[in-house]
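Fold and contact review
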Amino acid sequence: MSRARQPPLVTGISPKEGVAWTKVTIRGENLGMGPPDLIGLSICGHNCLLTAEWMSASKIVCRVGPAKDDKGEIIVTTKSGGLGTSTVSFRLLKPERIGILDQSAVWVDEMNYYDMRTNRNKGISPLSLRPSNPLGIELDNGTGTSVCELNCQWAYQLSDTGAWLFIISPLVPEIKNVPISRDFTLFNIILTFLYFFPSHCNCSFSVLCEVKVNAKFCVAAIHQRLESDGTERVEGSMTQRLENILNRASDTADTLFQEVLGRKDKADSTRNALNVLQRFKFLFNLPLNIERNIQKGDYDVVINDYEKAKSLFGNTEVPVFKKVYAEVETRIQALRHLLLEKLLQTPSTLHDQKRYIRYLSDLHAPGDPAWQCIYAQHKWILQLMQDCRDEFITVSMGALDLEGDARPSALGRLGHTTTLKRGGSLRIPRSNTWRYETPQQVQFVEKLSDVVIGQLPNFWKLWISYVNGSLFSETGEKSGQVEKSKKNARQRQNDFKKMIEEMTHRLVKLVRGALLPTTLPKSEQNLYGGWDNKTDLSGVWLTQIMHTIRLACHEALSTLEIPNDLLQVIQDLLLDLRVHCLMVTLVHTTEDVKRLAEKEDWVVDNEGITSLPSQFEQCLVQMLQSLKEPLEVKPGEINEQRLLIILSNCQYLERRTLLNLADHFEKHGFTGTEKITQVSVDAVRQLDRNLFEAYIERRADPISGSLEPGIYAGYFDWRDCQTPTGVRNYLKEALVNIITVHAEVFTVSKDLVPRVLSKIVESVADEMCRLMQCVSTFSKNGALQVQCNTHAHTKATQRAVLASECQACSCTV
């Protein structure tokens with residue numbers, strides 16, 4: 001036997017008070033196992049089961065009926081649990097009675113609702129039930145006579161059955177279905193009307209207007225029929241009196257209800273306006289929200305709201321929407337100008353630049369903000385470099401602040417946020433007196449290098465982002481901004497290349513103006529020079545400057561994958577500085593050696609010598625230490641094409657120039673030049689050999705070094721080799737690299753092609769021979785693969801060497 005369920009318990013009701021027909025939610029425990037289980041519900045003593053909807057065992061929704069008690073409990077009765085209890089109560093509010101012409105704050109829509117008395121079999125929700133008179137308006141004329149009785153009184157004045165039915169049909173549609181015979185008396189019609197009309201006494205205003213119009217048409221029809229029968233008098237007839245009565249009734253009704261209808265129209269318009277404001281409050285509040293979000297810096301929120309408004313109201317024809325949307329566009333235009341100003345403001349970080357570019361792209365800003373930023377940064381960096389030179393020239397060394405200038409200059413505004421994070425400073429720790437001991441040119445070069453390394457890398461990264469389209473968001477990708485950016489970048493590659501060239505040339509010219517002013521054209525010496533060169537820098541300071549330029553400029557910029565041809569001017573500067581440093585060091589060492597005689601004190605030690613030999617040795621050791629940096633060649637500082645040009649010049653010197661000079665000496669009567677010519681030829685030949693070996697080493701070693709990794713790529717084993725299908729890829733790669741060297745040499749000198757190419761081929765062949773000798777065992781397929789590779793290499797190199805020799809002698813193969 002199953003266990004009996006607990007009786008229902010009501011623990012809460014929301015709301016706790018209200019007028020009749022208020023929708024309430026009842027919550028509790030054991031409120032039934034389903035809709036059929038709910039058999040009773042009363043609130044304040046009124047049965048509300050008719051409007052109850054069972055939601056769950058803990059929730060019921062219903063409407064409160066017009067109970068007599070002002071406050072009472074909520075009692076739920078179920079089949080499974082029986083009569084329940086309640087821990088809460090509901091308070092029923094009594095509305096004031098409203099007359100037919102009294103103003104009310106509530107307007108009940110004219111809609112058709114259901115009445116359980118006439119529609120019991122329809123599947124409707126109980127909550128759709130509504131009161132027959134929700135406003136509590138008393139339907140009387142002040143005398144106690146109901147509207148239905150008034151209708152019956154003036155109905156006796158109509159004598160035509162069809163006219164009567166036509167008049168009251170809008171009020172009582174069911175009367176159309178009543179069978180009427182010609183002897184149907186007026187009394188029967190009135191009874192029929194009194195039977196049907198009570199359920200339609202709350203008809204809408206439009207239906208009453210239709211009744212009024214039908215009555216007028218009926219009166220006119222009756223009047224016409226009576227005149228045709230000759231029974232209607234012109235004046236004082238029944239139809240005339242009836243028409244006068246209807247007109248007076250219509251005028252009275254219009255007078256009585258004019259104010260009511262006016263209030264209804266005003267309420268309708270107000271309600272419609274509120275509905276529009278509620279429905280489109282996003283658009284109406286958008287201008288103010290844009291202003292607030294701009295002040296807070298929430299540009300992403302502004303952009304999202306603008307995109308939403310543009311998609312919804314961009315093409316609207318509604319005047320009020322167009323006006324508000326125009327306000328939105330005005331504020332968005334102001335935001336575009338603000339973001340563009342922030343974008344072009346200097347200094348700024350790369351992160352901020354990308355962020356502002358993305359914002360402007362999402363806001364569909366005109367033009368190309370990314371390129372505008374690149375152009376502005378280019379001009380600013382050039383100005384920074386020039387300001388650095390001007391400040392060091394015009395400001396004395398004592399007043400110069402290298403760590404931060406408080407004056408309102410471009411360098412003074414340069415903050416730590418714009419410098420490249422290199423993990424440490426380029427300068428070594430120095431004492432407090434460093435700036436007073438260090439020459440002005442050395443300080444200038446170091447600060448200029450800091451400016452370049454702090455700005456140029458970010459400038460280059462901004463361009464790379466512009467090229468690959470990473471400046472834009474997903475919205476920009478969908479709108480085609482990325483493809484447009486890539487297209488613009490392709491069109492502006494030459495312009496950007498000129499910008500980089502201008503920056504590197506400005507850097508080199510400023511350094512030359514400070515250290516090597518004679519290497520500048522006279523027209524540029526005033527612009528980039530102007531330094532006090534009364535005291536020449538020693539080799540030690542020049543070495544430090546070279547180290548700074550190598551580390552801060554050349555090597556740092558090379559890591560950014562900037563094309564080598566754009567950095568060629570820096571390589572030329574380093575070469576000139578190396579030569580200048582060598583010359584200065586040798587000259588200063590020579591002068592120091594000459595002054596050693598003045599330092600001789602003629603004091604003999606135990607070994608019978610003075611301090612002069614030791615001082616001489618110390619001078620030479622210091623010279624060698626100073627020459628270490630200038631003589632060292634860093635990667636990337638050797639230009640292979642220039643090596644080829646020098647090799648070609650050496651060959652021409654040996655074959656033509658020196659022999660021509662010897663002939664000129666003999667023609668002018670100078671004898672004994674054979675030894676001079678021979679020494680010069682030997683020197684040129686030695687230089688040629690050294691340069692040739694350096695070039696071959698730089699070109700042959702990478703090709704030979706790639707053979708062994710290429711052979712054994714993918715764990716290749718000669719003892720377990722598949723059937724050969726052709727030449728392997730490593731040999732193809734080597735042949736392509738040899739062809740590249742051939743093209744490089746051929747562009748400089750045809751005469752050098754056989755010499756260089758034969759040496760390259762020989763180096764590759766020697767490496768191939770060494771690798772094959774290292775193999776202990778070959779399989780049959782492995783031996784075939786070796787023979788195939790060797791044969792292909794031999795044929796390819798023979799044709800390459802033969803073609804180069806024929807090109808040198810201008811014949812055809």
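Above this text you will find the structure in question.
Calculation notes
Residues numbered from 1 in each chain as written. Predicted model: local features only at pLDDT ≥ 70, side-chain atom pairs only at ≥ 80, totals over all residues. Heavy atoms only, no water. Pairing = 2+ DSSP bridges. Helix = DSSP H or I, 4+ residues; strand = E, 2+ residues; numbered from the N terminus. Salt bridge = Lys/Arg side-chain N within 4 Å of Asp/Glu carboxyl O. Buried < 20%, exposed > 50% of the residue type's maximum accessible area, 1.4 Å probe, protein only. Core = buried A, V, L, I, M, F, W, Y, C linked by side-chain atoms within 4.5 Å. Contact = heavy atoms within 4.5 Å. Phe/Tyr/Trp six-rings, centres within 6.5 Å; stacked < 30°, edge-to-face > 60°. Lys NZ or Arg CZ within 6 Å of the ring centre and 35° of its normal. Patch = residues over 30% accessible without salt bridge, like charges linked within 9 Å, V, L, I, M, F, W, Y side chains within 5 Å. Areas by Shrake-Rupley, 256 points an atom, 1.4 Å probe, with all protein chains shown as cover. Arc of directions from axis to C-beta. Axes fitted to C-alpha atoms, helices over the stretch in contact; angles between N-to-C directions. Parallel < 35°, antiparallel > 145°, perpendicular 65-115°, else oblique. Left-handed = near helix turned anticlockwise from the far one by under 90°. Nonpolar A, V, L, I, M, F, W, Y, C, P; charged D, E, K, R; others polar. Polar contact = N/O pair within 3.5 Å; in protein donor to acceptor, adjacent residues only side chain to side chain.

**A few points about the sheet that holds strand S1 (residues 9-14)**
Strand order in this open sheet of five strands is S6-S7-S3-S1-S10, and the pairing throughout is mixed. Whereas interior strands pair on both sides, the edge strands pair on one side only; in this sheet they are strand S6 (53-56) and strand S10 (85-86).

**Notes on the pattern of salt bridges**
Counted by the stated rule, this structure contains 19 salt bridges. The salt bridge partner of Asp300 is Arg358, with a shortest N-O separation of 3.4 Å. Separated by 58 residues along the polypeptide, Asp300 in helix H7 (residues 299-313) and Arg358 in helix H9 (residues 350-362) bring together distant segments of the chain. For Asp300, a relative accessible area of 36% corresponds to the partly exposed category. What you see here is one network of salt bridges that share partners, running through Lys264, Asp268 and Arg271.

**Overview of the nonpolar core**
A general trend in soluble globular proteins is that nonpolar side chains are found buried together. Core analysis: the largest hydrophobic core is formed by 86 residues, its most contacted members being Ile374, Phe444, Phe459, Phe496, Leu515 and Ile549. The contact partners of Leu515, leaving out residues within four places of it in the chain, are Gln441, Val445, Leu537, Ile545, Leu577 and His580. Formed by 36 residues, the second largest nonpolar core is a distinct cluster that contains Ala700, Leu752, Ile760 and Val786.

**With respect to the packing of aromatic side chains**
Applying the stated rule across the entire model yields 16 aromatic pairs. A centroid spacing of 6.0 Å and a plane angle of 50° characterise the contact between Phe284 and Phe321, whose relative ring orientation is tilted. Pair noted here: Phe284 is in helix H6 (residues 281-296) and Phe321 is in helix H8 (residues 319-344), with a separation of 37 residues, a long-range link. Judged by relative accessible area, Phe284 falls into the partly exposed class, the value being 22%. With relative accessibility at 9%, the residue Phe321 sits in the buried group. Here Phe665 and Phe670 contribute two aromatic rings whose centre-to-centre distance is 5.8 Å and whose plane-to-plane angle is 85°, an arrangement assigned as edge-to-face. Classification of Phe665 by relative accessible area gives partly exposed; the value is 40%. Residue class for Phe670 comes out partly exposed when judged on its relative accessible area of 48%. Here a set of aromatic residues connected by ring pairs shows up, and it is made of Trp371, Phe459, Trp460, Trp463, Tyr466 and Phe496. Over the ring of Tyr356 we find Arg355; its NZ or CZ atom is 4.9 Å from the centre of that ring.

**Describing a nonpolar patch on the surface**
A cluster of nonpolar side chains, contributed by Leu575, Val579 and Met583, occupies part of the molecular surface with about 280 Å² of accessible area. Turning to its location among the elements, Leu575 is positioned in helix H19 (residues 568-594). Taking relative accessible area as the criterion, Leu575 reaches 43% and is therefore assigned partly exposed.

**Focus on helix H15 (residues 481-491)**
Of the positions making up H15, those classed as buried are Gln481, Val482, Ser485, Asn488 and Ala489. For H15, the buried positions fall inside an angular range of 125° around the axis, keeping them on one side. The exposed set on the far side of H15, more than 90 degrees from its buried face, consists of Glu483, Arg490 and Gln491.

**Focus on the pairing of S6**
Relative to strand S7 (residues 59-63), S6 runs antiparallel, the two being bridged by three bridges. Its bridge partner being in S7, Ser56 is matched across the sheet by Lys59. Counting the residues in the hairpin turn of S6 and S7 gives two residues.

**Brief notes about the environment of Asp532**
Structurally, the position occupied by Asp532 is in the loop between helix H17 (522-528) and helix H18 (539-558). Take Asp532: its relative accessible area is 52%, and that puts it in the exposed class.

**Quick notes on the packing of H9 against helix H13 (residues 440-468)**
The description of two packed helices rests on the angle between their axes and on the distance between the axes. Orientation of H9 relative to H13, taken along the N-to-C sense of each, is 30°, at an axis distance of 10 Å. With respect to H13, the axis of H9 lies roughly parallel. H9 and H13 meet at a crossing whose hand is right-handed. Contacts from Leu350, Gln353, Lys354 and Ile357 of H9 reach H13 at Asn458, Lys461, Leu462 and Ser465. Each residue belonging to the contact of H9 with H13 can be placed in one class, and the counts come to three nonpolar, three polar and two charged.

**Describing the side chain of Thr610**
Relative to the helices and strands, Thr610 is located in the loop between H19 and helix H20 (612-631). When sequence neighbours within four positions are dropped, the list of residues in contact with Thr610 reads Glu600, Trp602, Val603 and Val604.

**Concerning the side chain of Asn488**
Take Asn488: it is sitting in helix H15. Overall, Asn488 belongs to the buried group, its relative accessible area being 16%. Engagement of the side chain of Asn488 in a polar contact is seen with the side chain of Asp368, the distance being 3.4 Å. In this structure Asn488 touches Asp368 and Tyr466, once residues within four positions along its chain are discounted.

Spatial relationships are all this shows, so hold off on functional conclusions.
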